[in-house]
Every structure is written in C-alpha cells, then in structure tokens.
Amino acid sequence: QVQLVESGGGLVQAGGSLRLSCVASGIIFGVNSMGWYRQAPGKQRDLVASITNGGITNYADSVKGRFTIARDNAKNTVSLQMNSLKAEDTAVYYCHLNQGPGVLARNYWGQGTQVTVSS
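Below or above, wherever it landed, is the structure these notes cover. (Residues numbered from 1 in each chain as written. Predicted model: local features only at pLDDT ≥ 70, side-chain atom pairs only at ≥ 80, totals over all residues. Heavy atoms only, no water.)

1. Describing the pattern of salt bridges
So, step 1. For the structure shown, the criterion picks out three salt bridges.
So, step 2. Residue Asp89 pairs with Arg66 through a salt bridge whose shortest N-O separation is 2.8 Å. Here Asp89, found in the loop between β8 (77–82) and β9 (91–99), pairs with Arg66, found in the loop between β6 (57–59) and β7 (67–72); they are 23 residues apart in sequence, far enough to count as distant.
So, step 3. For Arg66, a relative accessible area of 11% translates into the label buried.
So, step 4. A network of salt bridges, in which partner residues are shared, links Arg38, Arg66 and Asp89. (Salt bridge = Lys/Arg side-chain N within 4 Å of Asp/Glu carboxyl O. Helix = DSSP H or I, 4+ residues; strand = E, 2+ residues; numbered from the N terminus. Buried < 20%, exposed > 50% of the residue type's maximum accessible area, 1.4 Å probe, protein only.)

And the structure:
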C-alpha cells in the first residue's frame, strides 16, 4: 500500500504564491507518475500537473506558465509551485501517484489540501 500526505495549502491573495508538497510512503516501486489534481465545489476532479518517472511534465492549459511541478524520485516527493494565483485556482488539491505495470497499474490519492485564493 502507498500513503500520500500533502502539505502547504492555505489562504492567499490573488497574485500570490503557494507551494504544495506531497510525500509518498509505504511500498513504493514501479512508480509511473506523480502529480496533482484539484476539485472545486460542484465540479469534477481535474488534472493540474503531472510528472513521469523520467521527468516528462504535463500541465493543464489553465496553469501553464504559472505552476511548476517537480519531483524527487529518491525521496518519493512531488511539489507544486503555484505563482500568480487566481480566484479560479481555489479548490482542494490532491496528490496522485500511479504505480505498477500496464493494466495492473493502480492509482493512489492523498487526503487533499485546501487552496483558497481571495480576489
């Protein structure tokens, strides 16, 4: 089993910055990717950014140029630096990890951390 623990959420004014961190523990092997999703009230959970084991990144169009994802494979951590925050970035942010081969791959989620951007 894999456990993911997020930290770094909070309240910030529009234009400000926050940095989210996630630490993975447990049985860590064959990690394909780690990343961040977010879910605003009444909306579905959407990808914010992801990074593969080889360092390939993917960002939602709405955060490109503002958010940066980074990963430390040795420490099993992933971070999300969020700059120029907007009110529409307000959501619960979830750390995600995909592990395992092919169709046997499993997804793991953190408990979520609230990010609130005041306008």
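2. Focus: the packing of aromatic side chains
So, step 1. Inspection of the entire model under this criterion finds one aromatic pair.
So, step 2. Their ring planes at 75° and their centres at 4.9 Å tell us that Tyr37 and Trp109 sit as a pair that is edge-to-face. Here Tyr37 is found in strand β4 (residues 31–39), whereas its partner Trp109 is found in strand β10 (residues 106–109), with 72 residues between them in sequence.
So, step 3. Accessibility expressed as a relative area gives 38% for Trp109, which makes it partly exposed.
So, step 4. Note that Arg45 overlies the ring of Tyr94, its terminal NZ or CZ placed 3.6 Å from the centroid.
So, step 5. The lysine or arginine in question, Arg45, covers the ring of Trp109, its NZ or CZ lying 4.7 Å from the ring centre. (Phe/Tyr/Trp six-rings, centres within 6.5 Å; stacked < 30°, edge-to-face > 60°. Lys NZ or Arg CZ within 6 Å of the ring centre and 35° of its normal.)

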